[in-house]
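Structural overview
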2 protein chains.
Amino acid sequence: MLNNFILPTVFIESDRLKEFLGLDVTIITETFQHTGSFKFRAACNLALKVPNETILTASSGNFGQALAKACKILDKKCIVVMPKTSSRVKIEAVRSYGAKVELIDTNKISRNERVLELSRTMPEAYVASAYDDAFVVEGNATLGKEISQKNFDVVIVPIGGGGLISGIIKGLRDSNCASEVIGAEPSLANDAAMSLKAGQIIKNPKEPKTIADGARTISLGNLNWEIIKSEIKKIIEVPETMITEAVRHYFYFSNLKVEPTGALSLGAVIKEKENFKGRKIGLVVSGGNVDRDVYLKILNEEI
Amino acid sequence: MLNNFILPTVFIESDRLKEFLGLDVTIITETFQHTGSFKFRAACNLALKVPNETILTASSGNFGQALAKACKILDKKCIVVMPKTSSRVKIEAVRSYGAKVELIDTNKISRNERVLELSRTMPEAYVASAYDDAFVVEGNATLGKEISQKNFDVVIVPIGGGGLISGIIKGLRDSNCASEVIGAEPSLANDAAMSLKAGQIIKNPKEPKTIADGARTISLGNLNWEIIKSEIKKIIEVPETMITEAVRHYFYFSNLKVEPTGALSLGAVIKEKENFKGRKIGLVVSGGNVDRDVYLKILNEEI
């Protein structure tokens, strides 16, 4: 059913990138998915599966757009709580899909508090987490299933809340594919790497200031953690400079526009190139929705 | 045989672009083809089919890179004549594929004169035209064949020397696909549109100064003209502002990096939107190799 709504991922063989890295990489890009990121898989699955006619979430990023679009298609009501400091482009994108945007002053109330407040006034609404939800993992598993057809030795996946990597693991394993899965996380937001070392969820003290805005989550989701701790052996911590370098490599070598979070997997390979020699590598690019001004700065090597 | 070397084209369904235009468009992008443009189809077919071990061409753009790469794969020798004013990035790209670059001062000698001079000193070399060659049309026909599977009502194709549109027509018709094919040409380089009106090849007085550098050709190739005049009813002349607007639309709505020449087909649709209502439209994006500085200016709306 979900497959009727999502677009298949795009696999790109970029010889110039392969030659530059000296590695056998294949790009797996979700930048051309509906709403420009993998989040549509999760949001659409959730909107399909929950019986509620109204869905409520907090998101300043890709999940909000994805859920708004999914609800529009399925004729459900969608409310997205966003900080009033969110970029106009993102607010307008959510509104363009017909969702109601609740702007809040995060100095006065947190996003989650406002979601709770709202859910009390509308008990009929389903409160959707952008990553810690079984429907989210199940939606993202469709990507793992597509990736399983390529039989990679290793698949590298950006980590924020862990919904994507958990879903990919599920999709691969459900398809009897044994590809190793490695996480790629900003060094500035390395809670997943720390959690893996500690054997329990470690939280970031506050929202990390990484340029990879999709990885500014406080911690992994509980559901995702269970999958990650049993299946993931390695999470590579990527410095900011290697994230932006990766965005530029995609531009120059592969004609691909990616958002910083999406470039984490290539950043991880740049950091630990020697460890990937001789292996067939899949680089998951989670999305392409980067603000113009941020993109211009990256191309100008200002960041 | 050629199919073992080329990558299939990428079809992108971009809902935000569709909604913005109010039209049923599908993007057909060659930006992820080897060397970043459709030219690799033509160059590789030519290098495969000619018996000569050495191939000589003049190109400051995508054909030079494509031929250099094809010759590298097939272990042939490649010489590309380029103006010494070409961007370093482009010269280095050709060299990176192992081709020999002959830099010339175009104030002293034209590219074609230098190619002729060189061909006299190496009579064993095949002199390749970037567009007016049966092998070029045949190579580009592979794209037409792929496009035929989608049964578009109309396919819009950028026109420079006419090699791409001729090849697409051939591929469609060989596959018994009757999709209408429309050309998209810069207003500043409207020799093909003028030729169609006049019923004979009309040349640009000099190299046109359009931002769409792939369309800075002096005239259509003779071979292509025969195909174009019998099959093409309409060529849309696209103003420069609509070319750059189209590049921005691809960035914002579709996460797609395109070069200005590649954006011509969308530019044509922007210009004549009303004529495309209700039709299933294929927009051919010929390539993505835009210089960083040009791209930055376009995103900044400076051009």
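The structure presented is a predicted model; accordingly, all values stated were derived computationally and were not measured.

1. Points about the sheet that holds strand 4 (residues 77–83) of chain B
All names here are of chain B.
- Strand order in the open sheet formed by four strands is 5-4-3-6, with parallel pairing between adjacent strands. With partners counted over all chains shown, the strands left at the sheet margins are strand 5 (100–104) and strand 6 (125–128), one partner each. Here the average twist between neighbouring strands, direction ignored, is 20 degrees.
- Where strand 3 (residues 54–58) lies against strand 6, four bridges are found, and the strand directions are parallel. Bridged to Ile55 within strand 6 is Tyr126.
- Sheet contacts for helix 5 (residues 111–121): strand 3, strand 4, strand 5 and strand 6; angle to strand 3, the most-contacted strand, approximately 160 degrees.

2. Quick notes on the relation of the copies chain A and chain B
- Structural alignment of chain A on chain B gives an RMSD of 0.0 Å, achieved by rotating through 180 degrees and translating 0.0 Å along the axis. Interpreted geometrically, this transformation is the action of a two-fold axis. Ranked by how close their C-alpha atoms come to the rotation axis, the residues of chain A are headed by Lys257 of chain A, at 3.0 Å.
- Residue by residue, 100% of the interface of chain A is reproduced at the interface of chain B, so both copies engage with the same surface.

3. Description of the pairing of strand 8 (residues 180–186) of chain A
All names here are of chain A.
- Buried residues dominate strand 8, accounting for six of its seven residues.
- Note: strand 7 (residues 154–158) against strand 8, five bridges, orientation parallel. Its bridge partner lying in strand 8, Val157 is registered against Gly183.
- Each parallel crossover has a hand, and the one from strand 7 via helix 7 (residues 163–174) to strand 8 is right-handed.
- Bridge count for strand 8 against strand 9 (residues 235–238) is four bridges, and the pairing is parallel. For Ala184, the partnering residue across the bridge sits in strand 9 and is Ile236.

4. A look at the packing of aromatic side chains
- Overall, the coordinates contain nine aromatic pairs over all chains when judged by the stated rule.
- Taking the centre distance of 5.4 Å and the plane angle of 50 degrees together, the rings of Tyr295 of chain A and Phe251 of chain B count as tilted. Of this pair, Tyr295 of chain A sits in helix 12 (residues 292–299) while Phe251 of chain B sits in helix 10 (residues 240–254), placing the two residues on different chains.
- Taking relative accessible area as the criterion, Tyr295 of chain A reaches 0% and is therefore assigned buried.
- Accessibility expressed as a relative area gives 0% for Phe251 of chain B, which makes it buried.

5. With respect to the interface of chain A and chain B
- Facing the 28 residues of chain A at the interface are 28 residues of chain B.
- Taken together, the two surfaces of chain A and chain B that pack against each other cover about 2600 Å², and 54% of this comes from carbon and sulfur.
- By the criterion of area lost to chain B, the three top residues of chain A are Phe32, Asn255 and Arg292 of chain A, representing 27% of everything that side buries.
- At the boundary of chain A with chain B, the tally comes to four salt bridges.
- Breaking the side of chain A that touches chain B down by element, the ones donating at least two residues are strand 1 (10–12), helix 1 (15–21), helix 3 (62–74), helix 10 (240–254) and helix 12 of chain A.
- At four residues, the largest contribution of residues to the side of chain A that touches chain B is made by helix 12 of chain A.
- Partitioned by chemical class, the residues of the side of chain A that touches chain B number twelve nonpolar, eight polar and eight charged.

6. Considering empty space enclosed by the protein
- With the rule as written, the count across this model stands at one cavity of 30 Å³ or more.
- When its volume is computed, the largest cavity comes out at roughly 180 Å³.
- As for the largest cavity, its lining consists of 20 residues, of which Arg16 and Phe253 of chain A together with Gln33, Thr35 and Gly36 of chain B are closest to the centre.
- Those elements giving two or more residues to the lining of the largest cavity turn out to be helix 1 and helix 10 of chain A together with helix 3 (62–74) of chain B.
- Top element by residues in the lining of the largest cavity is helix 10 of chain A. It accounts for three residues.

7. Brief notes about the side chain of Asn45 of chain A
- Within the secondary structure, Asn45 of chain A sits in helix 2 (residues 39–49).
- Those residues in contact with Asn45 of chain A, other than ones at most four positions away along the chain, are Leu2, Phe135, Glu138 and Gly139 of chain A.

8. Brief notes about the domain arrangement of chain A
Residues and elements named next belong to chain A.
- Partitioning chain A into domains gives domain 1 (2–37 + 133–299) and domain 2 (39–128).
- Taken over C-alpha atoms, the centre of domain 1 sits 24 Å from the centre of domain 2.
- Every contact between the two is made by 25 residues of domain 1 and, on the other side, 22 residues of domain 2.
- For the pair domain 1 and domain 2, the summed buried area comes to about 1900 Å², and 54% of that belongs to carbon and sulfur atoms.
- Together, Phe5, Thr35 and Phe135 form the three largest contributors to the area buried by domain 1 at its contact with domain 2, with a combined 33%.
- Applying the counting criterion to the domain 1 and domain 2 interface returns five salt bridges.
- A salt bridge links Asp213 to Lys90, with the nearest nitrogen and oxygen atoms 3.2 Å apart.
- Summed over the shared surface of domain 1 and domain 2, the number is 13 residue pairs in polar contact (both at pLDDT 80 or more).
- Grouping the constituent residues of the side of domain 1 that touches domain 2 by class yields eight nonpolar, nine polar and eight charged.

9. Notes on the state of the cysteines
All names here are of chain A.
- A full pass over the atoms with the stated rule returns zero disulfides over all chains.
- There is no disulfide at Cys78, and the cysteine sulfur nearest it, in Cys71, is 4.3 Å away.
- Exposure remark for Cys78: the relative accessible area of 5% places this residue in the buried category.

Conventions we followed
- Residues numbered from 1 in each chain as written.
- Chains lettered and ligands numbered in written order.
- Predicted model: local features only at pLDDT ≥ 70, side-chain atom pairs only at ≥ 80, totals over all residues.
- Heavy atoms only, no water.
- Pairing = 2+ DSSP bridges.
- Helix = DSSP H or I, 4+ residues; strand = E, 2+ residues; numbered from the N terminus.
- Axes fitted to C-alpha atoms, helices over the stretch in contact; angles between N-to-C directions.
- Contact = heavy atoms within 4.5 Å.
- Least-squares fit on C-alpha atoms with pLDDT ≥ 70 in both.
- Buried < 20%, exposed > 50% of the residue type's maximum accessible area, 1.4 Å probe, protein only.
- Right-handed = clockwise from strand over helix to strand, strands pointing away.
- Phe/Tyr/Trp six-rings, centres within 6.5 Å; stacked < 30°, edge-to-face > 60°.
- Buried area = accessible area lost by both parts, 1.4 Å probe.
- Salt bridge = Lys/Arg side-chain N within 4 Å of Asp/Glu carboxyl O.
- Nonpolar A, V, L, I, M, F, W, Y, C, P; charged D, E, K, R; others polar.
- 1 Å grid on protein atoms, 1.4 Å probe; cavity = no way out; pocket = protein on both sides within 12 Å on 5 of 7 lines; lining within 4 Å.
- Points joined across faces, edges and corners; volume = space filled by probe spheres on them.
- Domains from an automatic or database assignment.
- Polar contact = N/O pair within 3.5 Å; in protein donor to acceptor, adjacent residues only side chain to side chain.
- Disulfide = S-S within 2.5 Å.

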